[in-house]
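Below are the chains, spelled out letter by letter.
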Amino acid sequence: MTTTTMNQAGAERHRLYEDVLAMISGTMFVSLGTLIYTETMLTVGSSAGLALLLSYVSGWGFGLIFFLVNLPFYILAVKRMGWAFTLRTFTAVALVSILSKLNSQWIDFSYLDPLYATVIGGGLIGTGLLMLFRHRTGLGGINILAMYLQEKTGLRAGYFQLGVDLTILAIAFFVLPADRLALSVLGAAIANLILAINHKPGRYMGLS
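Residues numbered from 1 in each chain as written. Predicted model: local features only at pLDDT ≥ 70, side-chain atom pairs only at ≥ 80, totals over all residues. Heavy atoms only, no water.

Q: Can you tell me about the overall build of the protein chain, naming the residues and giving the values?
A: Along the protein chain, the regular secondary structure elements total ten helices and zero strands. Secondary structure of the protein chain in N-to-C order comes out as α-α-α-α-α-α-α-α-α-α. The burial tally for the protein chain puts 49% of its 208 residues in the buried class. Sequence-distant contacts, at least 24 apart, represent 75% of the contacts inside the protein chain between residues at least 6 apart. (Helix = DSSP H or I, 4+ residues; strand = E, 2+ residues; numbered from the N terminus. Buried < 20%, exposed > 50% of the residue type's maximum accessible area, 1.4 Å probe, protein only. Contact = heavy atoms within 4.5 Å.)

Here it is as structure tokens:
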């Protein structure tokens with residue numbers, strides 16, 4: 001029996017209300033961080049970053065593109081992570097898509113410093129993802145693959161995502177101004193370091 005298996009065997013299972021609160025809080029954090037990035041024309045990694053880039057190029061809203069981009073990954077989620085994880089992830093993606101639309105109606109920024117937006121936006125996104133990950137909920141796309149690899153191989157989700165995010169940011173070179181691209185790299189590093197430091201295998205024992 002592996003260390004991870006033994007840790008899971010002795011873990012206390014999350015209550016339903018804990019999972020619900022974590023999903024609401026996590027998706028609110030991510031959607032607010034995404035709005036801040038949209039307002040300053042920044043991007044991040046993973047499927048959210050891809051959706052942001054597509055929204056800048058196409059003019060479509062982030063929420064709709066984010067929802068559509070994630071659809072193909074649910075096949076992997078069902079096969080590898082089970083229906084419970086897939087349904088939680090689908091719900092989280094839908095909430096982020098809806099909240100992203102509503103946030104733009106609820107919040108209006110008269111001024112937003114790009115460097116501050118990078119730090120606070122990356123922190124909100126990383127913390128929101130951490131909440132979701134600890135309750136066995138992904139946020140679609142690369143998050144699904146990252147969580148699967150961490151559970152099966154021990155490869156930290158944050159480090160794997162950082163590699164993928166850097167690839168997406170390389171694509172952003174053709175879409176964003178140089179200063180926004182540099183800030184986006186910093187924001188992606190902040191978000192993923194939060195995951196890498198706080199979401200290590202065996203450190204958090206709760207199960208959903």
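Q: Go over helix H3 (residues 46–58) with me, naming the residues and quoting the values.
A: Its 13 residues place the ends of H3 19 Å apart at the C-alpha level, agreeing with the 18 Å of an ideal helix rising 1.5 Å per residue. Turning to H3, its buried residues are Ser 46, Ser 47, Ala 48, Gly 49, Ala 51, Leu 52, Leu 53 and Ser 55. Positive backbone phi, at 85°, marks Gly 59, one or two positions downstream of H3. (Expected span 1.5 Å × (residues − 1).)

Q: Account for empty space enclosed by the protein, naming residues and giving values.
A: Considering all chains together, one arrives at one cavity of 30 Å³ or more under this definition. Approximately 130 Å³ is the volume attributed to the largest cavity. Lining the largest cavity are 16 residues, and of these Gly 45, Ser 46, Ala 48, Ile 125 and Leu 129 sit closest to its centre. Contributing elements (two or more residues each) for the lining of the largest cavity: H3, helix H7 (114–133), helix H9 (157–172) and helix H10 (178–198). Its residues assigned to classes, the lining of the largest cavity comprises nine nonpolar, six polar and one charged. (1 Å grid on protein atoms, 1.4 Å probe; cavity = no way out; pocket = protein on both sides within 12 Å on 5 of 7 lines; lining within 4 Å. Points joined across faces, edges and corners; volume = space filled by probe spheres on them. Nonpolar A, V, L, I, M, F, W, Y, C, P; charged D, E, K, R; others polar.)

Q: Account for helix H5 (residues 74–81), with residues named and values stated.
A: Of the residues making up H5, those classed as buried are Tyr 74, Ala 77 and Met 81. The buried side chains of H5 occupy one side of the element, clustering within an arc of 70° when seen end-on. Across H5 from its buried face, at more than 90 degrees, point the exposed residues Ile 75 and Lys 79. Downstream of H5 by a residue or two, Gly 82 has a phi angle that is positive, lying close to 95°. (Arc of directions from axis to C-beta.)

Q: Please give an account of a nonpolar patch on the surface that cites residues and values.
A: On the surface, Leu 16, Val 20, Ile 24, Met 28 and Phe 29 cluster together into a nonpolar patch covering about 460 Å² of accessible area. By the secondary structure assignment, Met 28 is in helix H2 (residues 16–39). Of the residues examined, Met 28 reaches a relative accessible area of 46% and is grouped as partly exposed. (Patch = residues over 30% accessible without salt bridge, like charges linked within 9 Å, V, L, I, M, F, W, Y side chains within 5 Å. Areas by Shrake-Rupley, 256 points an atom, 1.4 Å probe, with all protein chains shown as cover. Salt bridge = Lys/Arg side-chain N within 4 Å of Asp/Glu carboxyl O.)

Q: Account for unusual backbone geometry, naming residues and giving values.
A: If a residue is not glycine, its phi is most likely negative; likewise, a peptide bond is most likely trans. The phi torsion at Met 41 lies on the positive side, around 55°, for a residue other than glycine. Its place among the elements puts Met 41 in the loop between H2 and H3. One non-glycine residue, Arg 136, lies in positive phi territory at about 50°. Within the secondary structure, Arg 136 is located in the loop between H7 and helix H8 (141–153).

Q: Can you lay out the layout of surface pockets for me, pointing to particular residues and giving the numbers?
A: To find leftover empty space, one rolls a probe the size of a water molecule over the atoms. Roughly 270 Å³ of internal volume is contained in the second largest pocket. Taken together, the elements giving at least two residues each to the lining of the second largest pocket come down to H2, H3, helix H4 (62–70) and helix H6 (83–106). No other element matches the five residues that H2 contributes to the lining of the second largest pocket. Partitioned by chemical class, the residues of the lining of the second largest pocket number five nonpolar, nine polar and two charged.

Q: So what about the side chain of Ser 31? Which residues, and what values?
A: Here Ser 31 shows up in helix H2. Ser 31 has contacts with Val 96, Leu 99, Ser 100 and Asn 103, leaving out every residue within four places of it along the chain.

Q: Requested: an account of the pattern of salt bridges, with residues and values cited.
A: Taken as a whole and judged by the stated rule, the model has one salt bridge. The partner of Arg 180 in a salt bridge is Asp 179, with the nearest N and O atoms 2.9 Å apart. Given a relative accessible area of 42%, Asp 179 falls into the partly exposed group.

Q: I'd like to hear about the environment of Gly 45, residue by residue, with values.
A: In this fold, Gly 45 is placed in the loop between H2 and H3. Non-local contacts of Gly 45, meaning those with residues more than four positions away in its chain, are made with Asp 165 and Ile 168.

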